[in-house]
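Here are the chains, one letter per residue:
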Amino acid sequence: MSNNPHDPQNDPRRDLFPAPHQGQEGRHLTIARNQAISVDTRLGDPVAETEDNIDLLSYWHILLKRRWTVLGVLAIVFLTSLVGTLLTTPIYRATSILQIDRQTIQVMNNVQGVMPAEDSYADDFYQTQYELLKSRALAQRVVAQLGLVESGQLEKMQPGSPWQKLMGLFGRDTDNTQNTVHPSNALPGSDKAARENELAGTFAVGVNIEPIRNSRLVRIHYDSPDPAFSQKAANAIAESYISRNLEHKAGSTTYAKGYLEDRLKELKIKLEDSERKLVEFAQKEQIIGTSGSEDGATLTQQNLQSLNAAYAKAQEERIRAEARWTEAQATSGLNMAMNAGSTPNTFVLSLQENRSKLMAEYQDKLKLYKPAYPVMVQLKSQIDELDKQIATEAGNMRSGVRAQYLAAIKAESMLATQLNSLKSDVLDQDGRSIQYNIFKREVDTNRQLYDALLQRYKEIGITGGITNNNVSIVDRAQMGWKFKPDLLRNLMVAMMVGLVMGCLLALVFEYLDDSLKSPEDIEKILGLSILGVIPKLKEPQTPTSALTDLRGAFTEAYRSVRTALQFSTDKGVPRVLLITSASPGEGKSTTARALAQNIAELGRRVLIVDCDLRNPSLHRHFNADNSTGLTNFLAGAIKPMDLIQKTDIPNLSYLSTGPLPPNPAELLMGSKLVSFLTVAVEKFDQIIIDGPPILGLADAPILANRASATLIVVEAGETRVAVAKNAIKRLYAARAHLVGAIMTKYSAKQHSGYGYGAGDYDYYSYGGVAKERLTKQ
């Protein structure tokens, strides 16, 4: 065995103090005194344990907890809106309705180019009209029409601010210089137009344009403190808009006529100059044009065209004559007579008819007579004579066809010779007509432009006297009605805004508040078991008086902690239990005293030791003497049993701190504290140590290392998360065994609404008997 007093094998408490309990909900690791401990594994990761789903119930509990913040913001916004509404000058609204049409009933169509051509389905037309109704120019026109510069009525109606009215209620004067009236005749050197322009901005503030959906109607609202002026202004806006629309159209026509007159004068001079140049060039080059020609051809060109047409016709006649002559050469006399031309020869037909009759008579008589018979011979001679006549007539017809063919050839030849001669003249003239054509095209272009503008000018002259108006008043404005302020609506809006702002502010405060507010925070954020929740006492109740009430919720809460400690280890309540907290004032001394009292009620011998060697408090709770105590034993040779004091509570003994030392940590680090605990364990069943706070001091980690188990106290709503985490890290660094934590000064209404998260700790009395209830939702 080693002689090292810090060796765990030489620890005299090794057989007296049970080993730390293992497997408590997976939160605690076995603490080996001779091994390094990972501090980070002891603390729960709140980010990893946070659920992705939004817990609406938790938000509701936050709002309930901070209900006074929500109600306060709601009240401030509500009262501000109420006062502001009551102090606001009433505004009256008058409305006139206009009908704006894109097309009007027209006597004549608009002249293209004078009035803009617009798409009937475009929305930009109506949007343009709405902006014109709200324009500063129209407002200035209405100001001049109503004579507001001279009357000063617009300045008189300007309402003062709510602050000025509030000061007026208390009899205090405020600066009303902005409401001072400055008539135009009272302003030295002022320009009336400039003043109208200045008032136009003020007047336009009251104008509100509201198009009626799916119609051509638009409402013109005007808001002012004077209902009669609102009516007058709304009607004046409609009338001025109609007047402006008519003037705009008339001005467009006048401008177009003036513009066209100037252009006509310019084009007339230009046309005359171009015609003079054309005539001079034609005389110089001997180019004769024809006024009736549509294509502007000269006389020579027209002759060439006519001769070319005649030559083509002669060619056609020659071809036809040649075809007839060829046919005549290949056709017999009778066929020639029958097919000559489009009309057969009637003389030949009559000869042929007579021949047919004689031939038929000859055939009939041939049956009776022989050919030499005189009658037969006479018929034969008549037939032969007819054949000669037919042949003679066919020859005459063939000669006529040949003569026509020769005449066609000659006519074609003559036309070809003349055509070739005329072509040379035309080509020569074409070479000299290039500049002539340039001059002629310029004349034609200028004449077309001049004629078009002259026609346009005449149309404008006719339509200019007809004024088209596409705007009309449907309803004139009546006496203005009170438009604002609407007290009921403003208060409802204020309540909604105040409620939303209050809820947001409450959530912001909750987000900025990083304290541990509920038992769930201890379990989720610190990773410790929650052994109990101690309710917050109401004034003027004190912990001492609350502990005397055996049926009260305060006492029942500590009994619940006692019960939880019995199951914190496999051997029950740890023999040496240290009660500590992260910072002062969290209720650790009260917890130590209450647990000691409750365990002593079970008949067990309990010793409570005040180890807060810097700020002891237990001697005040027990009304005991603190002149001697633990420090006397640690610094001297007094026996510890001689320092222990009896209390009024059966089975409960008390050891005070004694005189406060200058170096508490050095006293606690010595071996005498271990010796004292070894002896105390043999004399008492339970030892409870009231230790000092953890942060900033070395005392608590030393005591946690010496004790069997440590119970940390957390004050609801006061202990910061970072402070508690640092405290737990220091305890684990000292190889302390944390059995869990308890939450003190907890109020369900204050810290978590009317309940919190997964559990609700409620202590109550039923039927005159103190009960304890732990419900898990």
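Residues numbered from 1 in each chain as written. Predicted model: local features only at pLDDT ≥ 70, side-chain atom pairs only at ≥ 80, totals over all residues. Heavy atoms only, no water.

With that out of the way, let us pick up the overall build of the chain. Within the chain one finds 27 helices and 15 strands. When the accessible surface of the chain is split by element, carbon and sulfur atoms take 54% of a total near 42900 Å². (Helix = DSSP H or I, 4+ residues; strand = E, 2+ residues; numbered from the N terminus. Areas by Shrake-Rupley, 256 points an atom, 1.4 Å probe, with all protein chains shown as cover.)

Moving on, we get to helix 20 (residues 588-600). Taking 1.5 Å of rise per residue, the 13 residues of helix 20 would be expected to cover 18 Å, and the 18 Å separating its terminal C-alpha atoms lies within 8% of that figure. For helix 20, a buried count of 13 out of 13 residues is recorded, marking the element as mostly surrounded by other parts of the structure. (Expected span 1.5 Å × (residues − 1). Buried < 20%, exposed > 50% of the residue type's maximum accessible area, 1.4 Å probe, protein only.)

What follows covers the pairing of strand 3 (residues 217-224). Along strand 3, 6 of the 8 residues are buried, which leaves the element largely enclosed by surrounding structure. Bridging between strand 1 (residues 91-100) and strand 3 involves 8 bridges; their strand directions are antiparallel. Following the sheet pairing, Y92 is matched in strand 3 by S224. Alignment of strand 2 (residues 207-211) against strand 3, held across 5 bridges, turns out to be antiparallel. Bridging from a neighbouring strand, E210 pairs with R219 of strand 3. (Pairing = 2+ DSSP bridges.)

Pairing is mixed in the open sheet, where 8 strands are placed in the order 6-13-12-7-11-8-10-9. Strand pairing shows two members of the sheet lacking a second neighbour, strand 6 (530-535) and strand 9 (645-646), which therefore form its edges. One ladder, built from 4 bridges, connects strand 6 with strand 13 (residues 738-746); its direction is parallel. Looking at the pairing, I530 lines up with A741 of strand 13. Contacts between helix 25 (residues 699-706) and the sheet are confined to strand 7 (576-581), strand 11 (686-690) and strand 12 (709-715), with strand 7 contributing the most and set at about 155° to the helix. (Contact = heavy atoms within 4.5 Å. Axes fitted to C-alpha atoms, helices over the stretch in contact; angles between N-to-C directions.)

Here we come to the packing of aromatic side chains. Taken as a whole and judged by the stated rule, the model has 9 aromatic pairs. Taking 5.8 Å as the distance between ring centres and 85° as the angle between the ring planes, the aromatic pair formed by W481 and F483 counts as edge-to-face. Plain terms: the ring middles of F554 and Y558 are 5.3 Å apart, the flat faces sit at 75° to each other, and that makes the pair edge-to-face. Highlighted residues: F554 and Y558, both in helix 19 (residues 553-566), separated by 4 residues, approximately one helical turn. Accessibility assignment for this pair places F554 and Y558 in one class, buried. The rings of F203, Y222 and F229 are connected pair by pair, giving a single aromatic cluster. (Phe/Tyr/Trp six-rings, centres within 6.5 Å; stacked < 30°, edge-to-face > 60°.)

Here we come to the pattern of salt bridges. In the structure shown here, the tally under the stated rule is 27 salt bridges. Put simply, R216 and D101 hold a salt bridge, and the shortest N to O gap is 3.4 Å. Here the residue R216 occupies a position in the loop between strand 2 and strand 3, and D101 occupies one in the loop between strand 1 and helix 4 (124-133), the gap between them amounting to 115 residues. Taking the relative accessible area as the measure of exposure, D101 reaches 16% and is therefore buried. The network of salt bridges with common partners includes R66, E510, D513, D514, K517 and R720. (Salt bridge = Lys/Arg side-chain N within 4 Å of Asp/Glu carboxyl O.)

This part is about a nonpolar patch on the surface. Together, L505, V508, F509, Y511 and L512 line one region of the surface with nonpolar side chains, adding up to about 520 Å² of accessible area. Along the chain, the position of F509 falls in helix 16 (residues 487-512). For F509, a relative accessible area of 35% translates into the label partly exposed. (Patch = residues over 30% accessible without salt bridge, like charges linked within 9 Å, V, L, I, M, F, W, Y side chains within 5 Å.)

Before going further, it helps to examine helix 4. Of the residues making up helix 4, those classed as buried are F125, Y126, Q129, Y130 and L133. For helix 4, the buried positions fall inside an angular range of 135° around the axis, keeping them on one side. (Arc of directions from axis to C-beta.)

On to unusual backbone geometry. Omega for the peptide link from K484 to P485 comes to 5°, which places this bond in the cis form. Within the secondary structure, P485 is located in the loop between strand 5 (481-484) and helix 16. A cis amide bond, omega 5°, links E539 with the succeeding residue P540. In this fold, P540 is placed in the loop between strand 6 and helix 18 (543-548). Residue N214 is not a glycine yet carries a positive backbone phi of 60°. Topologically, N214 is positioned in the loop between strand 2 and strand 3. Phi angles above zero are rare outside glycine, and N623 is one such case at about 55°. Along the chain, N623 falls in the loop between helix 21 (618-622) and helix 22 (630-635).

The residue I438 is located in helix 15 (residues 434-463) in this model. Residue class for I438 comes out partly exposed when judged on its relative accessible area of 36%. In this structure, the C-alpha to C-alpha distance between I438 and L278, residues 160 residues apart in sequence, is 8.8 Å.

Grouped together as the largest cluster of nonpolar side chains are 50 residues, with contacts concentrated most on L528 and F676. L154, A234, A238 and Y241 belong to the second largest nonpolar core, which has 34 residues in total. (Core = buried A, V, L, I, M, F, W, Y, C linked by side-chain atoms within 4.5 Å.)

Another point: the side chain of R195. Along the chain, the position of R195 falls in helix 9 (residues 192-204). Among the polar contacts made by the side chain of R195, one reaches the side chain of E198 at a distance of 3.0 Å. (Polar contact = N/O pair within 3.5 Å; in protein donor to acceptor, adjacent residues only side chain to side chain.)

When you line up the elements, F439 lands in helix 15. A relative accessible area of 17% places F439 in the buried class. Between the C-alpha atom of F439 and that of K277, which follows or precedes it by 162 residues, the distance is 6.9 Å. Setting aside residues up to four positions removed in sequence, F439 forms contacts with K277, L278 and F281.

It is at 9 Å that the axes of helix 19 and helix 20 come closest, and there the two elements cross at 75°. Of the possible angle classes, the one that applies to helix 19 and helix 20 is roughly perpendicular. For the pair helix 19 and helix 20, the contacting residues are F554, T555, Y558, R559, V561, R562 and L565 in the first and T590, T591, A594, L595, N598 and I599 in the second. When the residues that make up the contact of helix 19 with helix 20 are grouped by side-chain class, the tally is 7 nonpolar, 4 polar and 2 charged. (Parallel < 35°, antiparallel > 145°, perpendicular 65-115°, else oblique. Nonpolar A, V, L, I, M, F, W, Y, C, P; charged D, E, K, R; others polar.)

Okay, the environment of E196 next. With respect to the helices and strands, the residue E196 is situated in helix 9. Considering only alpha carbons, one finds E196 and V142, 54 residues apart in sequence, at a separation of 9.4 Å. Among residues more than four places away in sequence, those in contact with E196 are Q140, V143, A144 and V149.

This next bit is on the confidence of the model for the chain. Here the chain averages 76 in pLDDT, while 75% of its residues score no lower than 70. Counting contacts from residues 113-121, a segment whose pLDDT is below 50, to residues more than four positions away or on other chains yields 12 contacts. (pLDDT = per-residue confidence, 0-100.)

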